[in-house]
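Summary of structural features
Here's the letter readout for the chains.
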Amino acid sequence: MGKKILFGSNLKMYKGVEETISYLQELQDLTKEMSRAEMELFIIPSYVTLERAVKAVDTKLIKIGAQNMCWEDAGQFTGEISPVMLKELGVSLVMIGHSERRHVFGETDVQENQKVLAALQHGFTTLLCIGETAEEKGYGISKEILRIQLKKGLHQVSRKHLDHLWIAYEPVWSIGVAGVPATVDYVREIHQAIKESLEELFGADGANIPVLYGGSVNADNANEMIVEPLVDGLFVGRSAWQADKFSVLLRAAKKAKERG
Ligand code: PGA
């Protein structure tokens, strides 16, 4: 059996508490018989839902993650949430550096690095998101930008923490309502470059770090993306926010990956 396939969704600032809980319960019911030895499913809802979310599901079936995190355990950081607080709730995954954090809220690679180090130190599965803008793609510097995001974002990450590190490649121009899905050829080429950067940083172990693809993933393109050997999972936004549709998408994608 190959590596586990990863499927997840970031709910952004959409679902409130009640809606999140019913979504999670429906998704769990629809997917509970699928073997978690072969796949991992994770959902990243809003902060305010987390306390109930971790209790509403079997977290072995659906891992619950936070959308962001402060790098400090405590202090004068008004409006931030610390790793210790997330741990207290039973959250096991933290997403760092989502495109909207970088481009709407101005987070830098240096900040993402501080967060990645803190998240790994605290034992979270750490999902670092990277991606180039349309402008950077236009200049033909996508691979350079991604290499920088990885080298800065993962600076001083210890090899002993690599089994908790996941990467999501989400080109900024492909995300959200105005997004244009990337072509499979482009995703293949970029995932190759990402794996090379990870090997440059961590040697052969780097190649084992899962790299998910995200950005306008939908039922029409999910299968052709996931069958790519260097695409280890799918990180889905809009097409995952109805549990029944997400369940159909991920089942089809899992089958397609198994067929190869
Ligand atoms: P999308 O979002 O699938 O709706 O484009 C992707 C993301 O922001 O992770």
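As the structure is a prediction and not an experimental result, all values here were calculated from the model.

Here the structure, examined in full by the defined rule, presents 6 aromatic pairs. An angle of 55° between the planes, with centres 6.0 Å apart, marks the rings of Tyr-169 and Tyr-213 as tilted. In this pair, Tyr-169 is assigned in strand β6 (residues 165-169) and Tyr-213 in strand β7 (residues 211-214), connecting sequence segments 44 residues apart. Side by side, Tyr-169 and Tyr-213 carry an identical accessibility label, which is buried. Among the aromatic residues, ring-to-ring pairing joins Phe-42, Trp-166 and Phe-235 into one connected group. Taking NZ or CZ as reference, Lys-137 lies 4.8 Å from the ring centre of Trp-173, over its face.

The subject of this paragraph is the pairing of strand β5 (residues 125-130). In terms of burial, β5 is largely enclosed, as 6 of its 6 residues are buried. Of the two faces of β5, the one carrying Thr-125, Leu-127 and Cys-129 and the one carrying Thr-126, Leu-128 and Ile-130 are both buried.

As a rule of thumb, soluble globular proteins bury nonpolar side chains together. Ranked by size, the top nonpolar core spans 66 residues in total, and within it Leu-154, Ile-167, Leu-234 and Phe-246 carry the most contacts. In terms of residues, this core owes the most to one element, helix α8 (residues 184-202), which gives 7 residues. Residues Phe-42, Leu-93, Trp-166 and Phe-235 belong to the second largest nonpolar core, which totals 11 residues.

A positive phi angle, near 50°, is found at Lys-12, a position not held by glycine. Tracing the sequence through the fold places Lys-12 in the loop between β1 (5-10) and α1 (17-31). Assessed through its relative accessible area of 15%, Lys-12 is described here as buried. Phi at Ser-216 is positive, roughly 55°, even though this residue is not glycine. Mapping Ser-216 onto the fold places it in the loop between β7 and α9 (222-226). Judged by its relative accessible area of 11%, Ser-216 is buried.

Definitions and limits used
- Residues numbered from 1 in each chain as written.
- Predicted model: local features only at pLDDT ≥ 70, side-chain atom pairs only at ≥ 80, totals over all residues.
- Heavy atoms only, no water.
- Phe/Tyr/Trp six-rings, centres within 6.5 Å; stacked < 30°, edge-to-face > 60°.
- Helix = DSSP H or I, 4+ residues; strand = E, 2+ residues; numbered from the N terminus.
- Buried < 20%, exposed > 50% of the residue type's maximum accessible area, 1.4 Å probe, protein only.
- Lys NZ or Arg CZ within 6 Å of the ring centre and 35° of its normal.
- Core = buried A, V, L, I, M, F, W, Y, C linked by side-chain atoms within 4.5 Å.

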